[in-house]
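Take a look at the letters that make up each chain.
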Amino acid sequence: MKNFVIAAASGALLLVSSQGIAANIEAGKKKAAEVCAACHGPDGNSPAPAFPKLAGQYASYIEKSLNEYKSGVRKDPIMAGMAAPLSKEDIENLAAYFASQAGLKTKY
């Protein structure tokens, strides 16, 4: 019984703590419309071949890329300027939003 109580308390604590760090897809959608849609499309399926499709990418990849543009590790003057004002929360929300979108198949 003691182990059950410890396990239940640990599970409840984990559930409560993880809710505070969950990304907000709706907030990401709103931010994407403001910042990303002109080049990458409203849902991340870029209409132009010059701009990468973000829909369906792994959230961790999008977060890493945006953080690298923001810090200057990745060099692109346009993306550096777009990423600079984004908060950590904005980046997490954008990543969650684009990861949740269905990517379009590209013909080769």
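Residues numbered from 1 in each chain as written. Predicted model: local features only at pLDDT ≥ 70, side-chain atom pairs only at ≥ 80, totals over all residues. Heavy atoms only, no water.

- As annotated in an unreviewed UniProt entry, the protein carries the name Cytochrome c553 and is attributed to Nitrosovibrio tenuis.

### Regarding the packing of helix H4 (residues 59-71) against helix H6 (residues 88-100)
Phase 1 of the analysis: Following both chains from N to C, one finds H4 and H6 inclined at 140°, their axes separated by 8 Å at the closest point. Between H4 and H6, the angle falls in the class oblique. Between H4 and H6 lies a crossing whose hand is right-handed. Contacts from Ala59, Ile62, Glu63, Leu66, Asn67 and Lys70 in H4 reach Ile91, Glu92, Leu94, Ala95, Ala96, Phe98 and Ala99 in H6.
Phase 2 of the analysis: Broken down by class, the residue content of the contact of H4 with H6 amounts to nine nonpolar, one polar and three charged. (Axes fitted to C-alpha atoms, helices over the stretch in contact; angles between N-to-C directions. Helix = DSSP H or I, 4+ residues; strand = E, 2+ residues; numbered from the N terminus. Parallel < 35°, antiparallel > 145°, perpendicular 65-115°, else oblique. Left-handed = near helix turned anticlockwise from the far one by under 90°. Contact = heavy atoms within 4.5 Å. Nonpolar A, V, L, I, M, F, W, Y, C, P; charged D, E, K, R; others polar.)

### Some words on the nonpolar core
Phase 1 of the analysis: Within the largest apolar cluster, 14 residues are counted, with the highest numbers of intra-cluster contacts made by Ala32, Cys36, Ile62, Leu66, Leu86, Leu94 and Phe98.
Phase 2 of the analysis: Contributions of two or more residues to this core are made by H4, helix H5 (77-83) and H6.
Phase 3 of the analysis: When residues of this core are assigned to their parent elements, the largest contribution, five residues, is made by H6.
Phase 4 of the analysis: Not counting the four nearest positions on each side in its chain, Leu66 is found in contact with Met79, Ala83, Leu86, Ile91 and Leu94. (Core = buried A, V, L, I, M, F, W, Y, C linked by side-chain atoms within 4.5 Å. Buried < 20%, exposed > 50% of the residue type's maximum accessible area, 1.4 Å probe, protein only.)

### Brief notes about the pattern of salt bridges
Opposite charge on two side chains permits pairing when their charged atoms draw close.
Phase 1 of the analysis: Applying the stated criterion across every chain, the model contains four salt bridges.
Phase 2 of the analysis: Put simply, Asp90 and Lys31 hold a salt bridge, and the shortest N to O gap is 3.9 Å. A residue pair is termed long-range when its members are at least 10 positions apart, and Asp90 in helix H6 and Lys31 in helix H2 (residues 25-35) qualify at 59 residues.
Phase 3 of the analysis: Assessed through its relative accessible area of 17%, Asp90 is described here as buried.
Phase 4 of the analysis: Here Glu68 makes a salt bridge to Lys64, at a shortest N to O gap of 2.5 Å. With Glu68 and Lys64 both in helix H4 and four residues apart, the pair spans about one turn of that helix. (Salt bridge = Lys/Arg side-chain N within 4 Å of Asp/Glu carboxyl O.)

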